[in-house]
Amino acid sequence: MKKIISIVLAAILMMFTVNSVAENEFLIVTPTGAPSIAIAGIYTEHPEVIRTIGADEIGHYFGNQEADMIIAPINAGAKLFKAGNSTYRLAAVITWGNLVFASRLENFTPDMINGRKLVLFGENTINSSIALYLLEKKGIVPGEVDYKIGASDTQALLMNEEESETIVMTAEPAITAAKMNAQKQDIVISSIALNDLYKELTGYDGFPQAGVFVKEKTSAENPELISGWLEKIRAAAELCENDPESVAKTVVAMEIVKAEPVVLKSLPGCSIRFLYASEAKEQIEFVAEIDLKQFGGEIPADDFYYEAKQ
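Residues numbered from 1 in each chain as written. Predicted model: local features only at pLDDT ≥ 70, side-chain atom pairs only at ≥ 80, totals over all residues. Heavy atoms only, no water.

**Side note on the overall build of the protein**
For the protein, the helix and strand inventory stands at 14 helices and 11 strands. In terms of overall dimensions, the protein is globule-like: its C-alpha atoms have a radius of gyration of 21 Å, near the 19 Å expected for 310 residues. Principal-axis analysis of the C-alpha atoms gives the protein an extent of 85 × 45 × 30 Å. Taking all 310 residues of the protein together, 49% fall into the buried category. Carbon and sulfur atoms make up 51% of the accessible area of the protein, which amounts to about 14,800 Å² in all. Across the protein, 26 positive and 43 negative side-chain charges occur, with their mean positions spaced 4 Å apart. (Helix = DSSP H or I, 4+ residues; strand = E, 2+ residues; numbered from the N terminus. Rg over C-alpha atoms; globule rule 2.2 N^0.38 Å. Buried < 20%, exposed > 50% of the residue type's maximum accessible area, 1.4 Å probe, protein only. Areas by Shrake-Rupley, 256 points an atom, 1.4 Å probe, with all protein chains shown as cover. Lys, Arg positive; Asp, Glu negative; His and termini not counted. Charge placed at Lys NZ, Arg CZ, Asp CG, Glu CD.)

Right, dumping it as structure tokens:
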């Protein structure tokens, strides 16, 4: 009898040890900006779990399968999954559009884009597709459309005197930092959230932009662990609304943004909200229909979605 009890206790201890190791070795990869701000609450207790990367590294991590979770643009994950270059599946949506049109023009409105130079970032990405879709629906035709690589590149044009008539698309939190810096030089920058136009035209409160993708191996071997981390991410997202001051301090500590006031002012525009993928499917499919090539040529199949235990 004692031998049987000893074996049972040893088994329980082994299970606990395996879970502890898995917990300690868990890795969440996220690009900087709004996605990393969304999970800043996790960093306070588990800094070793989070690795921030540049947006250009996302594809690499989908390929090497080092991370247990990857926060990435939903269309990018869908395209890689469709092509057979990723086995990561979408578990949740965490950001819902942080894009803005910005300009130094006085009393800037969307109609002022008509006939003017517009510089977008992320050519052949869902971000530029959304921008062009909204302009088309509103009957707005830019005089010229140019592209830069990232939001920081378009933002830099706002400080260029030779581009004072140019309108750009950039994103939070970068635009808030740009406005604050511009004020020191007596330059006024105005912005219009694309989410406002999106809601006006579609009725949806933002579009599914970045999501949480889970590694197939980890989710198959330890679904409870995945569920636990998803709940931690949900709590971190809610913290952005319920305790923005603490989030701001953590974001600065993570070296994502340099100043707490920038984080606090930009948080609403980051559109951080956690929603399980199964609940966001209708909205994901709506966005996919806007530009199917950004999703691999078709609506994501059912097996693209990960059903988390809630």
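Now that the structure is up, let's keep going.
**Concerning the state of the cysteines**
Scanning the model with the defined rule gives 0 disulfides in all. Take C240: it sits in no disulfide, and the sulfur closest to it among the cysteines is that of C270, at 8.0 Å. (Disulfide = S-S within 2.5 Å.)

**Considering the pairing of strand β6 (residues 117-121)**
The buried fraction of β6 is high, at 4 of 5 residues. Judged from the 5 bridges that link them, β6 and strand β7 (residues 144-148) form a sheet pairing that is parallel. Across the sheet, residue L120 finds its bridge partner in β7, namely Y147. For the crossover that starts at β6, traverses helix α6 (residues 126-137) and ends in the parallel β7, the hand is right-handed. Two elements, β6 and strand β8 (residues 167-171), share 2 bridges in a ladder whose sense is parallel. Counterpart to V119 in the pairing with β8 is V168. (Pairing = 2+ DSSP bridges. Right-handed = clockwise from strand over helix to strand, strands pointing away.)

**A short note on helix α12 (residues 244-253)**
All of the buried residues in α12 are P244, V247, A248, T250 and V251. Taken end-on, α12 shows its buried residues confined to a sector of 165°, consistent with a single buried face. Where α12 is buried, its residues meet α2 (34-38), α3 (40-43), α11 (223-242) and α13 (260-270). Two residues or fewer past α12, E255 is found with a positive phi of approximately 65°. (Arc of directions from axis to C-beta. Contact = heavy atoms within 4.5 Å.)

**Digging into the sheet that holds strand β5 (residues 99-103)**
Taking strand neighbours across the sheet as the criterion, the 5 strands line up as β7-β6-β8-β5-β9 in an open arrangement whose pairing is mixed. Pairing within the sheet leaves two strands with one partner each, and these edge strands are β7 and β9 (190-193). Each adjacent strand pair in this sheet contributes to an overall mean axis angle of 30°, direction not counted. Across the sheet, helix α8 (residues 174-183) touches β5, β8 and β9, and the angle it forms with β8 is around 120°. Here helix α9 (residues 194-202) sits on the sheet in contact with β5, β8 and β9, set at roughly 35° to β9. (Axes fitted to C-alpha atoms, helices over the stretch in contact; angles between N-to-C directions.)

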